[in-house]
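Summary of structural features
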Amino acid sequence: MTEIIMSQTPPILHGPSEKERKYDRQLRLWAANGQAALESANILLVNSGAGTVGAETLKNLVLPGIGRFAIYDEARVSEADLGVNFFLDDSCLGASRSQSLTELILELNPDVQGSWYPNEDTKTLDSLLTDSPVFTVIMYTHPIRPEQLSRLEAYGQQHKTPLVAIHSAGFYSYFQINLPGAFPIVDTHPDETATTDLRLLNPWPELVAFAEELTKDIDGLDNFEHGHLPYVVILLHYLEQWKAAHDGKYPTAFKEKAEFRKIVQAAARTNNPEGGEENFEEAAAAVVKTVVLPSLPSGLKEVFEYEHTDPAEQRSGFWLIADAVKKFYEEHKCLPLPGKLPDMKAQSKVYIQLQGIYKAKARKDAAKILQIVQASPGGEHVNPAEVDLFCKNAAFVKLINATGGGASDSSSGAKISRADRLKAAADREFANDETAALSLSPLSLLPIYLALQATAHVGLSTATAPTTTNSESEAAETAAAAEAEKQQQQQQQQETTRGFTAESILAAVAQAVPGVEKRERVVQAAREVARAAGGELHNVAALTGGMVAQETIKIVTKQYIPADNTCVYDGVGGRVQVLRL
Amino acid sequence: MATAQVYPASEPARWIYLDRIRTRPGPFTNPDIFSGEPVAAAMEAMKILVIGAGGLGCELLKNLALSGFKDIHVIDMDTIDISNLNRQFLFRQADVGKSKAEVAARFVEKRVKGVKITPHNCRIQDFDEDFYMQFQLVVCGLDSIEARRWINATLINMVDEEVEDSYKPLIDGGTEGFKGQARVIFPTVTSCIECQLDMHAPRAAVPLCTLASIPRQPEHCVEWAHVIAWDQEKPFPELDKDDPDHITWLYQKALLRAQEFNIPGVTYSLTQGVVKNIIPAIAATNSVIAAACCNEALKIASNCAPFLGLPEENYMMYSGNDSVYTYTFKHEKKDDCPVCGQLARDLAVDPAWTLRELVDSFAALPEAQLKKPSLRAEGKTLYMQSPPSLEAQTRPNLDKTLVELGLEAGQEIGVTDPAFATVLFKFKLKFKQRGGA
């Protein structure tokens, strides 16, 4: 395993490179492999509407160094843009918004490349999608023209490109991640405290022998040695004693564990100068969490039970390894050992020996898995490092979008449409709200989603901005600016009358989910969306752009766990809710 | 439904989106306290203070400038480092070494027309109450708990019940990796930073004997180099944690130590991380938390929607590690808070402790976190850190046990620390029996 090899090689004694210094604070989160994934990402933003949330999202991706981005935005910079968008200034008035945004966002990081559309060579979204190298992730902001949305969805399906829809208006926003299929993540970064797996109830021979050797004359040990027995060894010793006194059975019920803990506590020496032993305290404190039978965590169970619909997907490294781990689990009734030993009071040498025993067992298990993988068709191409990572994180592997993304419903075989999923979610959420006061849980934010969704295509200007470039004369620029401003003002007046009244929003909600339009929370949400009339608040756009950037980073690096699949933000109450829609 | 009137700012076309919201009531706006007409002018006249021009601070300045605030001050004593550039988006490579407050202020002023930003390149402790009194709102984006506690104590100390202007709402943000929090404090009315101190407990220190004789982890080797080897060998006159030569020295020492004990995992990056207590930070999280803070600032300044703080929720916890999760709740004010409460707080002590053990215990105590405490009991001085004469006079007490000093269960002691000069931490002693070492 790579970790071992590194520790044996004398490290180079120079400091970090310039790039490592610049990215130090994020490399501590996603390491060099995550950074490499970001740097090879190519992200498209299809921007429209007030246009700030897209810019804020890109800012948060350009700073950590995504490889390249493209902005498609047909708008020209208006006065209203300057009051809400930080990546535009007075000199941009009347110019192409995609060009101005691209230029000011590129200033943030010289390592990143960016391009803007439409331009003289590429005039439409369709030609951009046709002529560009495949995009890693596509983000689009609402309102968007229905025909452009269909084009993006078709592209996402065809190229297996994740799409992220974003809508920010007034105090409200949501984003929705549309993954092209089941999305497995191995490197989920669980909390360190959750990852301890010591196998105290199914120890292997080397571990048993080590513990026996240290405790065979436990009462004869001097105070120093007794006070420095690692708690793993202490627990193994007293578990053996327990077994001998209980027909070969381990303490597994809660009551038995409590009794066992008392035995461990009572075994500590108190007639020493310290009046107690820290290692025995550690041992007693660890009983409930570490004296456990091996079990199959729900995330991995979902992976094991997943039914493939796509044969190509099935042959990927992840699924080959998952199958091998499943076989291993069926045979050994436990997962491959992760091999990490938490810190505990012990002498250095003893601790390092014990650590070595855990690591050796982990290597052995990983080698077995690799063997199974390599014996399966296509398995010879799987990278052993990928197998190691899977084995270390097996208990925390997670499958996102296991049933969505056009996959069929496994129980009925029928395809569930997006509209039906939304109706089912509405039933569930409004039923929950009935009891929310009793359970002290906050009310559903689904009404916000419904009200925003009702304006997903509202407020679009019908005229497409002409494409111009820097080569055009100043006079033309100024004329264009004046024209754009006029257009914008007309548009704003129209917006308030067209589609942005609470009544028209509620009518659209009623079409999507009949019957909910009379609910007070839905009416309130509609009124709040009407108040914004398609305008953004900078703070809400910035907050949403931060969340979308986090999610995009998680999708691109395949680290941490992305939201599945819709995240709604309420800037009045100051909270978010994730809904599966 | 009738559409309410928009009361525009001085440049109506530019601020149309903002004005629609801040000058018109929504379904959640409290009509008793909201009036749309004066909002734009009132916000333009407000003075708002930003503390910190780092990861959160850059975002705060941008957000406030685009929220209709026109008179913003910013305090930061730091200079720009290359490791800031992955998130502190107002700074460029060419700005490395310059004052954060000054560069940030100039950038936002240039980008957003009509906003005035006054930078202060100094410590918050360099200003007195008169300075802080001029602001209507304070927004913090700090990485130090100590600075937060200081401004919190200062703002609470400034409250004069008879002067409405003396209540300065404090909005505070903090981030770590994909997680963070935003909270709103109304001095003396809601739970304060000191009330919430135990939510940010310090990391448990590794015992000195582990560092000195039984290291097991790479971090133990780094701490040994930092705490023990540096003092013994003094390779440079003073440790500068930002000097790569100093970190390299510590790294090499730690590496030799690790090799001696066969401990894997000591790297330059780990060494730097442990010595400087580096907290991972990214633009995306700062964006979320700073925006959550400024959203509250806008609502407080305009009353256009309910804000955090009064009367219910005052704290939003955010986590992006596993999906997206927020928990927005009311943190209760504590009657025994040393800053905003009246009562003494219970303190469990072992009567057999020496005074030194008691003094040392305040650093790790989650609800105190005092590094240089001085102690008094009713009618007598137990230990004073300064002046030197008083320190020398009270030093012999350090080796006496609490019983020998005549301290009794139920007795009150007062603790002060130079980092929070205005605060008297009152504790009521509770005797416990000695457990393990």
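Residues numbered from 1 in each chain as written. Chains lettered and ligands numbered in written order. Predicted model: local features only at pLDDT ≥ 70, side-chain atom pairs only at ≥ 80, totals over all residues.

Put simply, the rule reads: UniProt positions are given in the numbering used here, feature names are shortened, and annotations may be inferred rather than shown by experiment.
Going by an unreviewed UniProt entry, chain B carries the name NEDD8-activating enzyme E1 catalytic subunit and comes from Chaetomium fimeti. Quoted straight from UniProt, the Catalytic activity (unreviewed entry) entry for chain B says "ATP + [NEDD8 protein] + [E1 NEDD8-activating enzyme]-L-cysteine = AMP + diphosphate + [E1 NEDD8-activating enzyme]-S-[NEDD8 protein]-yl-L-cysteine."

Chain A is annotated in an unreviewed UniProt entry as NEDD8-activating enzyme E1 regulatory subunit from Chaetomium fimeti. Turning to chain A, the UniProt record has this under Function (unreviewed entry): "Regulatory subunit of the dimeric UBA3-ULA1 E1 enzyme."

1. Topic: the sheet that holds strand β10 (residues 374-377) of chain B
Residues and elements named next belong to chain B. Selection rule: Each pair of strands is called paired provided DSSP finds at least two bridges between the two strands. What counts as a helix is a DSSP run of H or I of at least four residues, what counts as a strand is a run of E of at least two, and both are numbered from the N terminus. Helix axes use the C-alpha atoms of the stretch in contact, all axes being lines fitted to C-alpha atoms, and the angles between their N-to-C directions lie in the range 0 to 180 degrees. Contacts here follow a simple rule: the backbone-placed C-beta atoms of the two residues must lie within 7 Å.
In space, the five strands of this open sheet follow the order β9-β13-β12-β10-β11, with mixed pairing throughout. Unpaired on one side and paired on the other, β9 (345-349) and β11 (380-383) mark the two borders of the sheet. This sheet shows a mean twist of 35° between the axes of neighbouring strands, independent of strand direction. Pairing of β10 with strand β12 (residues 412-416), which is carried by four bridges, proceeds in the antiparallel orientation. Looking at the pairing, A377 lines up with I413 of β12. Contacts from helix α12 (residues 355-364) reach β9, β10, β11 and β12 within the one sheet, and its direction differs from that of β11 by about 75°.

2. Some thoughts on the domain arrangement of chain B
Residue and element names in this part refer to chain B. For the record, the criterion: Domain limits in this description derive from either an automatic procedure or a database domain assignment. Note on residue categories: nonpolar means Ala, Val, Leu, Ile, Met, Phe, Trp, Tyr, Cys or Pro, charged means Asp, Glu, Lys or Arg, and polar means any other residue, Gly included.
Looking at chain B, the domain boundaries give domain 1 (16-200 + 281-329), domain 2 (208-276) and domain 3 (345-431). Taken over C-alpha atoms, the centre of domain 1 sits 36 Å from the centre of domain 3. Across the contact, nine residues belong to domain 1 and seven residues belong to domain 3. When the residues that make up the side of domain 1 that touches domain 3 are grouped by side-chain class, the tally is four nonpolar, two polar and three charged.

3. A look at the sheet that holds strand β4 (residues 137-141) of chain A
Sheets are built from strands paired through backbone hydrogen bonds, the pairs being either parallel or antiparallel. Residue and element names in this part refer to chain A. The mixed open sheet is built from eight strands, whose spatial order is β3-β2-β1-β4-β5-β6-β9-β10. Edge positions in the sheet fall to β3 (113-117) and β10 (575-579), since each has one partner strand and no second. If you compare each strand with its neighbour and ignore which way they point, the axes differ by 15° on average. In the packing of helix α20 (residues 446-453) onto the sheet, the strands contacted are β5 (163-169), β6 (172-178), β9 (566-570) and β10, and the crossing angle to β6 comes to about 85°. Across the face of the sheet, helix α24 (residues 538-557) comes into contact with β4, β5, β6 and β9 while running at roughly 170° to β5.

4. Some remarks on the domain arrangement of chain A
Partitioning chain A into structural domains gives domain 1 (2-180 + 539-579), domain 2 (200-290), domain 3 (298-400) and domain 4 (422-532). Each of domain 1 of chain A and domain 2 of chain A has a C-alpha centre, and the two are 53 Å apart.

5. As for the interface of chain B and chain A
Of the residues lining the interface, 76 residues belong to chain B; the matching set on chain A comes to 81 residues. Where the side of chain B that touches chain A is concerned, the elements lending two or more residues are α1 (16-22), α3 (55-65), α9 (244-261), α10 (268-276), α11 (283-302) and β8 (325-329) of chain B. Split into classes, the residues belonging to the side of chain B that touches chain A amount to 39 nonpolar, 25 polar and twelve charged.

6. Here we look at the environment of A284 of chain A
Residues and elements named next belong to chain A. Tracing the sequence through the fold places A284 in helix α13 (residues 278-290). Measuring from C-alpha to C-alpha, the distance between A284 and I234 comes to 9.5 Å, with 50 residues separating the pair along the chain. Those residues in contact with A284, other than ones at most four positions away along the chain, are R261, V264 and Q265.

7. Focus: the UniProt feature "domain: E2 binding" (unreviewed entry) in chain B
On the UniProt side, "domain: E2 binding" (unreviewed entry) is annotated at positions that read residues 347-432 of chain B here. Along residues 347-432 of chain B, the helical share is 20% and the strand share 27%, with 10 Å between the first and last C-alpha atoms.

8. Focus on the packing of helix α11 (residues 231-245) of chain A against α13 of chain A
Angle between the axes and distance between the axes are the two parameters that describe a pair of packed helices. Residues and elements named next belong to chain A. Stated precisely, the cut-off is as follows: Throughout, the term roughly parallel applies to angles under 35 degrees, roughly antiparallel to angles over 145, roughly perpendicular to angles from 65 to 115, and oblique to all others. A clockwise turn of the near helix away from the far one marks a right-handed crossing, whereas an anticlockwise turn of less than a right angle marks a left-handed crossing.
Viewed as axis vectors pointing N to C, α11 and α13 meet at an angle of 70°, and their least axial separation amounts to 9 Å. Here α11 is positioned roughly perpendicular relative to α13, judged by the angle of their axes. As α11 runs across α13, the sense of the crossing is right-handed. On α13, the residues touching Y231, I234 and L235 of α11 are N279, F280, E282, A283, A286 and T290. A class-by-class count of the residues in the contact of α11 with α13 yields six nonpolar, two polar and one charged.

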